[in-house]
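As a plain string of letters, each chain reads:
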Amino acid sequence: MASSVISQLVDAMTLCSQPAERQVRTTIDPPMAPEEAMKLLKDGNRRFVNGCPWGSKTKAAARQQLVEDGQAPHTAIIG
């Protein structure tokens, strides 16, 4: 039981650990494999559900890069 709780805490800490700066995709990035895009979507959903979104980690330089090079989202969901 105790190891299960510890394992859950470790998983939560890993999930909520944030990069120093959130990466953005621009038009100069190569296409992404569907499996990689699905993993990014699932990881992001898991972080959001657990209260650990990365959205606030986008720095001014990354935003400027989007302005200069254009956005290239890894996924478009049409439903």
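Residues numbered from 1 in each chain as written. Predicted model: local features only at pLDDT ≥ 70, side-chain atom pairs only at ≥ 80, totals over all residues. Heavy atoms only, no water.

K.L.:
Teacher, can you tell me more about the environment of Arg25 here?
P.N.:
Inspection of the secondary structure puts Arg25 in the loop between helix 1 (2–16) and helix 2 (34–49). The spatial distance from the C-alpha of Arg25 to the C-alpha of Pro73 is 6.1 Å, given a sequence separation of 48 residues. Those residues in contact with Arg25 that lie beyond four places of it in its chain are Pro30, Pro31, Met32, Leu66, Gly70, Gln71, Ala72, Pro73 and His74. Polar side-chain contacts of Arg25 include one of 2.9 Å to the backbone oxygen of Pro30. (Helix = DSSP H or I, 4+ residues; strand = E, 2+ residues; numbered from the N terminus. Contact = heavy atoms within 4.5 Å. Polar contact = N/O pair within 3.5 Å; in protein donor to acceptor, adjacent residues only side chain to side chain.)

K.L.:
When you look at the pattern of salt bridges in this model, what are you seeing that I'm missing?
P.N.:
Pairing between side chains of opposite charge can happen when their charged atoms approach one another. Under the definition given, this model contains two salt bridges. Among the ionic pairs, Lys39 bridges to Asp43, the shortest N-O distance being 2.7 Å. A residue pair is termed a helical-turn pair when its members lie 3 or 4 positions apart in one helix, as Lys39 and Asp43 do in helix 2 at four residues. Notably, a salt bridge pairs Arg46 with Asp43, separated by 3.1 Å at the nearest N-O pair. Here Asp43 and Arg46 lie together in helix 2, a separation of three residues that amounts to about one turn. Accessibility expressed as a relative area gives 42% for Arg46, which makes it partly exposed. Sharing partners across several salt bridges, the network here consists of Lys39, Asp43 and Arg46. (Salt bridge = Lys/Arg side-chain N within 4 Å of Asp/Glu carboxyl O. Buried < 20%, exposed > 50% of the residue type's maximum accessible area, 1.4 Å probe, protein only.)

None of this, on its own, says anything about what the molecule does.
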